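# Chain and residue survey
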Amino acid sequence: MTYSEHLRLGVNIDHVATVRNARGGATPDPVRAAILAQEAGADGITAHLREDRRHIGDADIDRLMEALTVPLNFEMAATPEMQQIALRHKPHAVCIVPEKREERTTEGGLEVAREENELAHFIAPLRDAGCRVSIFIAAEQRQIEAAHRIGAAVIELHTGAYCDAHAEGRFDERDKELERLREMAQFAHLLGLEVHAGHGLTYETVKPIAEFPEIVELNIGHFLIGESIFRGLSPAIAEMRRLMSEARA
Ligand code: PXP
């Protein structure tokens, strides 16, 4: 199998909507942020429509589908409501994530191995509609094998444990997580899956992940939106792009 030289950056704009929703008005507009991100070098835009609509809302998805020229990666839980919405819009990619109301963010990966039959049925119509189906999972062999068996085209490896260990100064653990991510990226690539990664990535943690030749896309949100307060959205994205390209070179 061949490796891709260009590492794609998907910018997740959920937390622009978080700030908007804190006041209940129309600003800041996540669609405006998505257009700016696309101009600043994002290869795709990611938006997670949660069941509770805590950040992105249905109208945002309508407007993103209209406005974007880069692909939309539509993140969603495996529920009938979300499946219907995805089938109506037919975004370029659909990323299936676990979702709990009480969590602050997507805490773990999807338990594909335990819900294999249900998920296989769930993703079939999405695939038939032409969406690239991605499954967000922990870097575990049994989850990767299950994602492969159900016919997903893509897996996205959860980098949260690696990033948390780095942020909390648990460097031995961080290095173990990194090694696990490396091995599992290789394993998934050998199975023929396209490999993405994301969650919690920052300027400090992106480089070692970007160096894995099997990974073709990183999805990054919270850090970039936060950093844009200090340097502006376009420069924040440009710096992430630069670090990713440097690591890949
Ligand atoms: N990838 C997936 C599947 C996610 O659920 C998230 C968080 O919504 C991200 C990437 C981006 O994580 P972060 O906002 O921490 O960069």
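Residues numbered from 1 in each chain as written. Predicted model: local features only at pLDDT ≥ 70, side-chain atom pairs only at ≥ 80, totals over all residues. Heavy atoms only, no water.

### Things to note about the site of the ligand
The ligand sits among 13 residues. The nearest are Glu75, Glu156, Gly200, Gly221 and His222. At 2.8 Å from an oxygen atom of the ligand is found a main-chain nitrogen or oxygen belonging to Gly200. Separating an oxygen atom of the ligand from a backbone N or O atom of Gly221 is a distance of 2.8 Å. The fraction of the free accessible surface of the ligand (390 Å²) that becomes covered by protein chains is 95%. Residue classes in the shell around the ligand are distributed as 3 nonpolar, 7 polar and 3 charged. (Near = heavy atom within 4 Å. Polar contact = N/O pair within 3.5 Å; in protein donor to acceptor, adjacent residues only side chain to side chain. Areas by Shrake-Rupley, 256 points an atom, 1.4 Å probe, with all protein chains shown as cover. Nonpolar A, V, L, I, M, F, W, Y, C, P; charged D, E, K, R; others polar.)

### A closer look at the sheet that holds strand β5 (residues 132-137)
Pairing is parallel around the closed barrel formed by 8 strands, whose spatial order is β1-β2-β3-β4-β5-β6-β7-β8. Averaged over all pairs of adjacent strands, the angle between strand axes in this sheet comes to 25 degrees, irrespective of strand direction. Here strand β1 (residues 8-12) pairs with strand β8 (residues 215-220) via 4 bridges, running parallel. Residue pairing across strands places Leu9 opposite Leu218, the latter belonging to β8. (Pairing = 2+ DSSP bridges. Helix = DSSP H or I, 4+ residues; strand = E, 2+ residues; numbered from the N terminus. Axes fitted to C-alpha atoms, helices over the stretch in contact; angles between N-to-C directions.)

### What about the environment of Ala22?
One can find Ala22 in helix α1 (residues 14-23). In this structure, the C-alpha to C-alpha distance between Ala22 and Arg54, residues 32 residues apart in sequence, is 9.5 Å.

### Brief notes about the packing of aromatic side chains
One pass over the full model with this rule turns up 1 aromatic pair. Between Tyr203 and Phe223, the aromatic rings sit 4.7 Å apart at their centres with planes inclined by 80 degrees, giving edge-to-face as the arrangement. One end of the pair, Tyr203, is in the loop between β7 (194-198) and α9 (206-210); the other, Phe223, is in helix α10 (residues 222-231), and 20 residues separate them in sequence. Tyr203 gets classed as buried once you look at its relative accessible area, which sits at 15%. According to the relative accessible area criterion, Phe223 is partly exposed, its value standing at 23%. (Phe/Tyr/Trp six-rings, centres within 6.5 Å; stacked < 30°, edge-to-face > 60°. Buried < 20%, exposed > 50% of the residue type's maximum accessible area, 1.4 Å probe, protein only.)

### Section: the side chain of Arg20
Summarising the element assignment, Arg20 is placed in helix α1. For Arg20, a relative accessible area of 10% puts it in the buried group. Not counting the four nearest positions on each side in its chain, Arg20 is found in contact with Gly25, Ala26, Thr27, Pro28, Pro30, His55, Gly57 and Asp60. (Contact = heavy atoms within 4.5 Å.)

### Quick word on the packing of helix α4 (residues 80-89) against helix α5 (residues 116-128)
It is at 10 Å that the axes of α4 and α5 come closest, and there the two elements cross at 10 degrees. On the basis of their axis angle, the class for α4 and α5 is roughly parallel. Together, Pro80, Gln83, Ala86 and Leu87 of α4 and Phe122, Pro125 and Leu126 of α5 make up the contact between the two elements. Residue classes in the contact of α4 with α5 are distributed as 6 nonpolar, 1 polar and no charged. (Parallel < 35°, antiparallel > 145°, perpendicular 65-115°, else oblique.)

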